[in-house]
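In case you want the letters, here they are:
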Amino acid sequence: AQSVTQPDIHITVSEGASLELRCNYSYGATPYLFWYVQSPGQGLQLLLKYFSGDTLVQGIKGFEAEFKRSQSSFNLRKPSVHWSDAAEYFCAVGTLRGNQFYFGTGTSLTVIP
Amino acid sequence: EAGVTQFPSHSVIEKGQTVTLRCDPISGHDNLYWYRRVMGKEIKFLLHFVKESKQDESGMPNNRFLAERTGGTYSTLKVQPAELEDSGVYFCASSQDWRVHVRNTEAFFGQGTRLTVV
């Protein structure tokens, strides 16, 4: 069965610091992996996605994620965090059937000045 | 271009009452999905419409939940009667292609409806 684990419920970083949000997945085949972000009052927005090929994926807003099959991980990174990055981040895996996501429990990010 | 719109943004009802949530997808998107996030838990799939047809209802928790999409445009999700455990955030999403892993397809989500049952 597919599942996604985001071990960090809440992370606090200083503005300008680097960020890494962890995501581990359980999936029986080649995973289709996604990161979504929900800013306050907004809908979920797609940051980036991985299907195949290059394991380092670039997304919007300066984010990137690296797929590591050996570790079943798809961690999200950003070299320098901005105050506007404060939001909740969700990792997800797409199903073989293709019509739904399995999401993690989310990581809430606080950015301090 | 308007995004996915959900109404209301927040609803507080008493146990046993009925609540109807509405979702307006992006125009032209045949695929519409409902998801739910119970507090502190993951966002879980509820169901998937293709136009007006229910393609996949595997995530619907019980028969107190009824989803409709008349005419293949907007969708409603009715909870009747509501129970305390139904509290959470209900998300709607829409996409052109139903296969979320297709490169040029993106599922667009609304801001969610926060339902509180007291």
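Here the structure is a predicted model, which is why all the values come from computation and not from measurement. (Residues numbered from 1 in each chain as written. Chains lettered and ligands numbered in written order. Predicted model: local features only at pLDDT ≥ 70, side-chain atom pairs only at ≥ 80, totals over all residues. Heavy atoms only, no water.)

Chemist: Summarise the interface of chain B and chain A; cite the residues concerned and give the values.
Modeler: Frequently, the measure chosen for interface size is the accessible area removed from exposure when the parts meet. On the chain A side, the residues contacting the 25 residues of chain B number 25 residues. Taken together, the two surfaces of chain B and chain A that pack against each other cover about 2,100 Å², and 53% of this comes from carbon and sulfur. Summed over the shared surface of chain B and chain A, the number is one salt bridge. The tally of links between chain B and chain A comes to nine residue pairs in polar contact (both at pLDDT 80 or more). Elements with a minimum of two residues in the side of chain B that touches chain A: strand E4 (31–37), strand E5 (43–50) and strand E6 (53–56) of chain B. (Contact = heavy atoms within 4.5 Å. Buried area = accessible area lost by both parts, 1.4 Å probe. Salt bridge = Lys/Arg side-chain N within 4 Å of Asp/Glu carboxyl O. Polar contact = N/O pair within 3.5 Å; in protein donor to acceptor, adjacent residues only side chain to side chain. Helix = DSSP H or I, 4+ residues; strand = E, 2+ residues; numbered from the N terminus.)

Chemist: Residues and numbers for the state of the cysteines, please.
Modeler: Evaluated as defined, the whole model comprises two disulfides over all chains. Here A:Cys23 pairs with A:Cys91 through a disulfide, and the sulfurs are 1.9 Å apart. Note on the A:Cys23 and A:Cys91 pair: the S-S dihedral is about -65°, so by sign convention the disulfide is left-handed. Taken together, the residues span a long stretch of sequence, with A:Cys23 in the loop between strand E3 (19–21) and strand E4 (24–26) and A:Cys91 in strand E10 (residues 87–94) at a distance of 68 residues. Residue A:Cys23 is classed as buried on the basis of its relative accessible area, which comes to 0%. According to the relative accessible area criterion, A:Cys91 is buried, its value standing at 0%. The disulfide partner of B:Cys23 is B:Cys92, and the S-S distance across this bridge is 1.8 Å. (Disulfide = S-S within 2.5 Å. Buried < 20%, exposed > 50% of the residue type's maximum accessible area, 1.4 Å probe, protein only.)

Chemist: Lay out the pattern of salt bridges with the relevant residues and their values.
Modeler: Residues and elements named next belong to chain B. Here the structure, examined in full by the defined rule, presents 13 salt bridges over all chains. Taking the shortest distance from any N to any O, the salt bridge between Asp24 and Arg22 comes out at 2.8 Å. Judged by its relative accessible area of 32%, Arg22 falls in the partly exposed class. With a shortest N-O distance of 3.8 Å, Glu57 and Lys54 are connected by a salt bridge. What makes Glu57 partly exposed here is its relative accessible area of 44%. What emerges from the salt-bridge pattern is a single network uniting Arg36, Arg64, Glu85 and Asp86.

Chemist: How would you explain the packing of aromatic side chains if you had to name every residue and give the values?
Modeler: Given two aromatic rings, their pairing is described by the distance between the two centres and the angle made by the two planes. Under the definition given, this model contains 18 aromatic pairs over all chains. Measuring from ring centre to ring centre gives 5.6 Å for A:Phe101 and A:Phe103, while their planes differ by 55°; the resulting arrangement is tilted. The exposure classification of A:Phe101 matches that of A:Phe103, with both residues buried. Ring centres of A:Phe103 and B:Tyr35 lie 5.7 Å apart, and the angle between their planes is 90°; on these two criteria the pair is classed as edge-to-face. Placement of A:Phe103 in strand E11 (residues 101–103) and of B:Tyr35 in strand E4 is noted, with the two residues assigned to different chains. Here the two residues A:Phe103 and B:Tyr35 agree in accessibility, since each one is buried. Of the aromatic side chains, those joined through ring pairs into one cluster are A:Tyr32, A:Phe34, A:Tyr36, A:Phe51, A:Phe90, A:Phe101, A:Phe103, B:Tyr35, B:Phe45 and B:Phe109. (Phe/Tyr/Trp six-rings, centres within 6.5 Å; stacked < 30°, edge-to-face > 60°.)

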